[in-house]
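Chain and residue survey
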Amino acid sequence: MTIDNLTGYKPTWCPGCGNWGIYTALKNALTKLKLSADKILVSFGIGCSGNMNDFLNAYAIHALHGRSIPMAIGMKIARPDMTVIAVVGDGDCYGEGGNHLLHALRGNHDLTVIVHNNSVYGLTTGQTAPTARQGYRSKSTPLGIIERPLNPLSLALTQGVSFLAQASAGNVVNATEIITQAIKHQGLSLVNFLQPCVTFNKVYTYDYFKQHTYLLERDYNYRDYNLALQKAEEYSQEKFALGVIYQEKRPTYTDYLNKLTQTKKALDYHLLLQEFS
Amino acid sequence: MKFTWKIGGEAGFGIMTTGLIFSKIALRHGYQIHDFVEYPSLIRGGHNTYEVTVSNRPISAPKYTIDLLVCLNEDTYLYHKKRLTPQSWVIYDKEEFELEQNNIVKIDIPFSKILTDLQGAAVMKNMIALGSSLALIGADLKELKKILSEEFSAKSQAVVEFNQSFAEKGYQEVRKRFPSLIKSFLLKQPAPATLALTGNDAFSLASVIAQCGFYCAYPMTPSSSVLTNLASWQDKTGMIVRHSEDEIAVINTALGSAFAGMRSSVGTSGGGFALMVEAISLAGITETPVVIFLAQRPGPATGMPTWTEQGDLLFTIFSGHGEFPKIVLAPGDVEEMLKIAAEAYNLADIYQTPVIILSEMFLSESHQSLAQKTVVDFWQQYQVKRGKLVDKLATVSYKRYQITQDGISPRLIPGVQGYYYQANSYEHLEDGHTTEIGEERKKQVDKRNAKILTYLKQDFCLPKIYGDFAQAELVLVGWGGTKGVLLEAQRILTKKNTPTALIHFTYLYPLDGEKLRPLLTAKKNYLLVENNSTAQLGKLIKMEVGVEIKNKLLKYDGRMFFPEEIVNFAEKKYDN
């Protein structure tokens, strides 16, 4: 039942793909937390990231492109006792499913959302993603993308994320620690994973990330919202802090639901029918 | 006895509340009712009406002639004058406008003067009109006072009494000035406890009865009252009711909770359903049970939000890309809505596939009386059937999509210790892993399709036949919420010497063409009646049964049929 126990399905990612690092970090974190395959529910989006569905042992569903978060919300509603994780891509979660992310943040659903952010659509062979830098040339934007990139960190922070972290696929040790904390956090945890697409993105390489990332200082106060906002804004300058950027304690959606289900009385149909006579 | 009361006036002036009070007063006098509302998609302005037909026998449809018309403004009179007879009463205020006809019974009530005298706002006209209406039909004013007390006592006793004083004034006005015109239509008679339910109310109750754990929706007329009903009952039922950010989230959230083992459903209308379609396909391939309540309104796009149509039958049947089984059911009245919708939850679990309940505005928002005992008895005998569920396995591994004879694979609810599996939106092997192997793909397609045959064998219901089919010369064919008017038309035609039967479809898809053929190929005159412009049931019958019904009566102006329209059409068509 352990997460490590691969059942013979070999990952299909390209050699050197950032997904390997994220996958390893996630498995390490689950192992560390003693969360066996039968205790977790995972909802995968569609994309190279979602293909992890075939390799990660869990009660899982490979859902639709962009719709992994609502599905994870449904899972948590039905099974508040289980750990729920959404594994998504940047096009998946920041593009197609952007609306769902906004509203999941409002609700503080107790989920861990792991976003594979490589700024390209790998599975469809390299079109631009909403996180690509302005002017980025790709098959779908040969003249350079006109729009500015989305800043997922500022977006999440200003819309009420209760746990925000950034990790790099190239630093598995650090990423393992971050995912561990994200899963332990009660409320919506968003982990923005910076990762290269070795096949289709020649800009955001391992080297690029080495140069543009730094580990948050030990004494960084992740409870300070204004400080977190500054760190989040750095994302737009292509300066990427790695670590837990923000965390706050506040009631989750599940906490409110528990109140509802605890007040549940034995159902007397007369109570419902009297309003119709 | 059959009696039609109708009130009309400007939107925002309490027409809907007043109409429902009239329906409930009729119920409490021991009568059966059928009502319907007409309103534009506005909160204020425009014209609203509420029409109630009362009978001492079960009643399923409105009737064309209006016996008592309450005109809170001139539009009400102008829109409805063609439906008046020499016996029709018309309540109005001659200070506001005059009625051009003389061959009606005019009941002039000085609304404006009473409002001034008692210092009431314009909305109090309703209460005066209700009082006058009850006086004319010989009803008991005490019932009105009691309902007002129930409605407004939460506000204050003063509000109750204020409303009651206007009703009293309207009542006395008729007693004093028109004593000779009073007819004792609505004398109290003993009757068992009866409820006034809309189709949406019935779906809401069915969801509670079926122990649905999670209902998710985004408000959309005419489905919204299911959301508001179930939300307002949450503290009594424990059902989790969620208003999500959009319909895409709605159905994906429901599929998430359904995958995790909770009975789940969603509700919407055409536009919202269009947004859900991709996820219906997801439910098909992942074999996740979900009940989808679709209350139709005229489209395309925003169409006419507050009016009625049966325009989404084929869209529903063909909804979702790719090929997969789904079940489409269309109850005809509130009792069928209650029972078929509750059954839909079982079918979704048994066949592990989406089940769509089609309603339409006319069924969703019209009240119909139903004996409380019918509801309670059904509630007590209903059994939750969750299909092939497993929680203990003989083997170490579990195959979510195991190939079986009947197409249904045993389902393990996530969370069982010692196991795990994946459900998959991609084509998959028996164990759920993604595959692109041709043979494996075929096996899974065949497995899913096999569920259709299993359903046709185990649970499909042929359309119901009303009237004497053997003797019938004319056979009406229809589906869904037109049932009540079709039944009434069938009765009238038979009484008028055209032996008529009705074939009414509720289990619309999949269909068993072989079993249906004899019903649709007898030596009879068939008349297809649908509230749409393209005869969608006709097309479905042609596709599945290979029979074309040539004669059609189609209505697509957003209004429901009156039984009389169907009778007149049939008589012109078939009488020599």
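Whatever comes next refers back to the structure up there.
Please read all numbers here as calculations on a predicted model, not as lab measurements.

**Notes on the overall build of chain A**
- Scanning chain A for helices and strands turns up 10 helices and 10 strands.
- Against the compact-globule benchmark of 19 Å for 277 residues, chain A has a radius of gyration of 19 Å, which places it among compact chains.
- Overall size of chain A, expressed as C-alpha extent along the three principal axes, is 70 × 45 × 40 Å.
- Considering only contacts in chain A between residues 6 or more positions apart, those separated by 24 or more positions represent 71%.

**A look at the overall build of chain B**
- In terms of helices and strands, chain B carries 20 helices and 23 strands.
- The C-alpha atoms of chain B give a radius of gyration of 26 Å, which matches the 25 Å a tight globule of 576 residues would have.
- For the C-alpha atoms alone, the extent of chain B along its principal axes is close to 85 × 65 × 45 Å.
- For chain B, the proportion of its 576 residues judged to be buried stands at 53%.
- A separation threshold of at least 6 residues defines the contact pool for chain B, and within that pool the share at least 24 residues apart is 73%.

**Re helix α4 (residues 125–136) of chain B**
Residue and element names in this part refer to chain B.
- Here α4 is 12 residues long and its end C-alpha atoms lie 17 Å apart, about the 16 Å a rise of 1.5 Å per residue gives.
- By the criterion of burial, α4 is predominantly enclosed, with 12 of the 12 residues buried.
- When we look at burial in α4, the residues that qualify are Lys125, Asn126, Met127, Ile128, Ala129, Leu130, Gly131, Ser132, Ser133, Leu134, Ala135 and Leu136.
- Once α4 ends, the next one or two residues include Gly138, with phi positive near 75°.

**A closer look at the packing of α4 of chain B against helix α6 (residues 157–177) of chain B**
Residues and elements named next belong to chain B.
- Packing of α4 against α6 brings their axes to within 7 Å, and their N-to-C directions diverge by 40°. In this view, α4 runs oblique relative to α6, as classed from their interaxial angle. As for how α4 packs across α6, the hand of that crossing is right-handed. Contact residues: Met127, Ile128, Ala129, Leu130, Gly131, Ser132, Leu134, Ala135 and Leu136 in α4; Asn163, Phe166, Ala167, Glu168, Lys169, Gly170, Tyr171, Glu173, Val174 and Arg175 in α6.
- In the contact of α4 with α6, the residues fall into 11 nonpolar, 4 polar and 4 charged.

**Details of the nonpolar core**
- Judged by nonpolar contacts, the single largest core of 237 residues is most densely connected at Val113, Ile114, Leu164 and Val191 of chain A together with Leu329 and Ile357 of chain B.
- Among the elements that take part in this core, helix α13 (residues 334–351) of chain B stands out by supplying 12 residues, more than any other.
- Beyond its immediate stretch of four places on either side in the chain, Leu164 of chain A contacts Leu153, Ala156, Leu157, Leu190, Ala228, Ile245 and Tyr246 of chain A.
- Val120, Tyr121, Ala129 and Ile145 of chain A belong to the second largest nonpolar core, which has 7 residues in total.

**Some thoughts on the interface of chain A and chain B**
- Chain A puts 43 residues into the contact, and the matching count from chain B is 56 residues.
- Where the side of chain A that touches chain B is concerned, the elements lending two or more residues are β1 (40–44), β2 (59–62), α2 (68–78), α4 (98–107), α9 (253–262) and α10 (269–273) of chain A.
- Of the residues that constitute the side of chain A that touches chain B, the class distribution is 26 nonpolar, 11 polar and 6 charged.
- Bridge count for β2 of chain A against strand β17 (residues 422–424) of chain B is 3 bridges, and the pairing is parallel. Considered in β17 of chain B, the bridge of Ala60 of chain A is made with Gln422 of chain B.

About the cut-offs
Residues numbered from 1 in each chain as written. Chains lettered and ligands numbered in written order. Predicted model: local features only at pLDDT ≥ 70, side-chain atom pairs only at ≥ 80, totals over all residues. Helix = DSSP H or I, 4+ residues; strand = E, 2+ residues; numbered from the N terminus. Rg over C-alpha atoms; globule rule 2.2 N^0.38 Å. Contact = placed C-beta atoms within 7 Å. Buried ≥ 20, exposed ≤ 12 C-beta atoms within 10 Å, placed from the backbone. Expected span 1.5 Å × (residues − 1). Axes fitted to C-alpha atoms, helices over the stretch in contact; angles between N-to-C directions. Parallel < 35°, antiparallel > 145°, perpendicular 65-115°, else oblique. Left-handed = near helix turned anticlockwise from the far one by under 90°. Nonpolar A, V, L, I, M, F, W, Y, C, P; charged D, E, K, R; others polar. Core = buried A, V, L, I, M, F, W, Y, C linked by C-beta atoms within 7 Å. Pairing = 2+ DSSP bridges.

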